[in-house]
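# Residue-level structure breakdown
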Amino acid sequence: MTSNVTAVSYGPKLTASGLDKLRSALTGSGATLQSESRGGDSRFEVHTAEVAVADGTDAGISALRRAVAEAAQDGLDTAIVPAGLRAAPRKLLIMDVDSTLIQQEVIELLAAYAGKREEVAAVTEAAMRGELDFAQSLHARVAVLAGLPAAVVDSVRAEVRLSEGAAELVAAFKAAGHVVAVVSGGFNQILGPIAEDLGLDYWLANELEIVDGALTGKVLGAVIDRAAKEKYLREWAAAEGIAMEHTIAVGDGANDLDMLGAAGMGVAFNAKPAVRAVADSAINMPYLDAVRHIAGV
């Protein structure tokens, strides 16, 4: 049965040869191009192609994504997006925080105050590659913070910078009536003010334990790990009456894999190789608002 998808390509500079290879990959997979348009701004360019495909099943779309990825030139990424997702009147966007919504890894910023930044950064990198259990690695990393004055949390919050295009992305989704959520393996004490400033609908992270004005080196309650991220995606979508196929998840590390897999569209943002390999699409440039073009917002 014929179905419609949209091929959204983006990159700092889209070349004619790159777009020709894209068209060849699409038509070579049995797809029919119906229309094409260009967009973007001074930071990155966007090419959008409306496409009819003979096999609109999950397997058929996955095969088309593989064919397009194999034909891609450096500097050009293409998301194959089901038409139903782009046309949905209400969507839910859920994002990771560290190295996705924000540019930094908060645990590393905190560890710097304990003189342990490099040590903690190495553990974080291994955890994001999927080489370590996330919960165990988090407990080990937080333990080095024991004894630090709680005031370092305020200092770190002042160091945090949103990813380029993050505020614009959230504002666009909210203005269009969609739902925006973040779920993080980081910390509520940092995320809370960011979430409030952005006007997020839902947000959740781990809670650093603070006793007598100092960090204890522990987190309170269950760790927000990869299973929890998927759990909250499903819960928040259900609470809003939004079908899972109308959700978009964005993340960069192994602890985002379940969330990316469960969403209608999983986007790997400057992600680790293991994440890029299985996500529905990838953004390999620093502009988070490219997600707008993928989602049709």
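Definitions and limits used
Residues numbered from 1 in each chain as written. Predicted model: local features only at pLDDT ≥ 70, side-chain atom pairs only at ≥ 80, totals over all residues. Heavy atoms only, no water. Buried < 20%, exposed > 50% of the residue type's maximum accessible area, 1.4 Å probe, protein only. Helix = DSSP H or I, 4+ residues; strand = E, 2+ residues; numbered from the N terminus. Arc of directions from axis to C-beta. Contact = heavy atoms within 4.5 Å. Polar contact = N/O pair within 3.5 Å; in protein donor to acceptor, adjacent residues only side chain to side chain. Pairing = 2+ DSSP bridges. Axes fitted to C-alpha atoms, helices over the stretch in contact; angles between N-to-C directions. UniProt positions renumbered as here; feature names shortened; annotations may be inferred. Core = buried A, V, L, I, M, F, W, Y, C linked by side-chain atoms within 4.5 Å.

## Quick word on helix H6 (residues 134-143)
- Every buried residue of H6 is listed here: Phe134, Ala135, Ser137, Leu138, Arg141 and Val142. All buried residues of H6 project into a common sector of 160 degrees when viewed along the axis, lining one side.
- Looking at the buried positions of H6, the neighbouring elements they touch are helix H4 (106-112), helix H5 (117-128), strand S6 (179-187), strand S7 (202-211) and strand S8 (214-220).
- For H6, the capping residue at the N-terminal end is Asp133, with a side-chain oxygen 3.2 Å from the backbone nitrogen of Ala135.

## Notes on the sheet that holds strand S11 (residues 281-283)
- Within the open sheet, the 7 strands sit side by side as S8-S7-S6-S5-S9-S10-S11. Their pairing is mixed. Because the sheet does not close on itself, it has two edges, and the strands there are S8 and S11. Averaged over all pairs of adjacent strands, the angle between their axes in this sheet comes to 25 degrees, without regard to strand direction.
- Relative to S7, S6 runs parallel, the two being bridged by 4 bridges. Among the inter-strand pairings, Val183 is bridged to a residue of S7, identified as Leu204.
- Contacts from H6 reach S6, S7 and S8, with the element oriented near 170 degrees to S8.
- Set on the sheet, helix H8 (residues 166-175) makes contact with strand S5 (92-95), S6 and strand S9 (247-251); between it and S5 the angle comes to about 155 degrees.

## Topic: the UniProt feature "active site" (unreviewed entry) in the chain
- UniProt marks Asp96 and Asp98 with the feature "active site" (unreviewed entry), using the numbering shown here.
- Locating Asp96 in the fold gives a position in the loop between S5 and H4.
- Residue Asp96 is classed as buried on the basis of its relative accessible area, which comes to 4%.
- Those residues within four positions of Asp96 in sequence are excluded, and the remaining contacts are Leu101, Val183, Lys229, Val250, Gly251, Asp252, Asp256 and Met259.
- At 2.9 Å, the side chain of Asp96 forms a polar contact with the side chain of Lys229.
- Looking at where Asp98 falls in the secondary structure, it is placed in the loop between S5 and H4.
- Beyond its immediate sequence surroundings of up to four residues, Asp98 is in contact with Gln104, Glu105, Val106, Ile107, Ser184, Gly186 and Asp252.

## A few points about the nonpolar core
- Membership of the largest hydrophobic core comes to 61 residues, with the highest contact counts inside it found for Met95, Leu101 and Ile248.
- Sequence-distant contacts of Ile248, defined by excluding residues within four places in its chain, comprise Leu85, Lys91, Leu92, Leu93, Ile94, Phe173, Ala263, Met265, Val267, Val291 and Ala295.
- Membership of the second largest hydrophobic core comes to 26 residues, among which are Val183, Trp236, Ala268 and Ala271.

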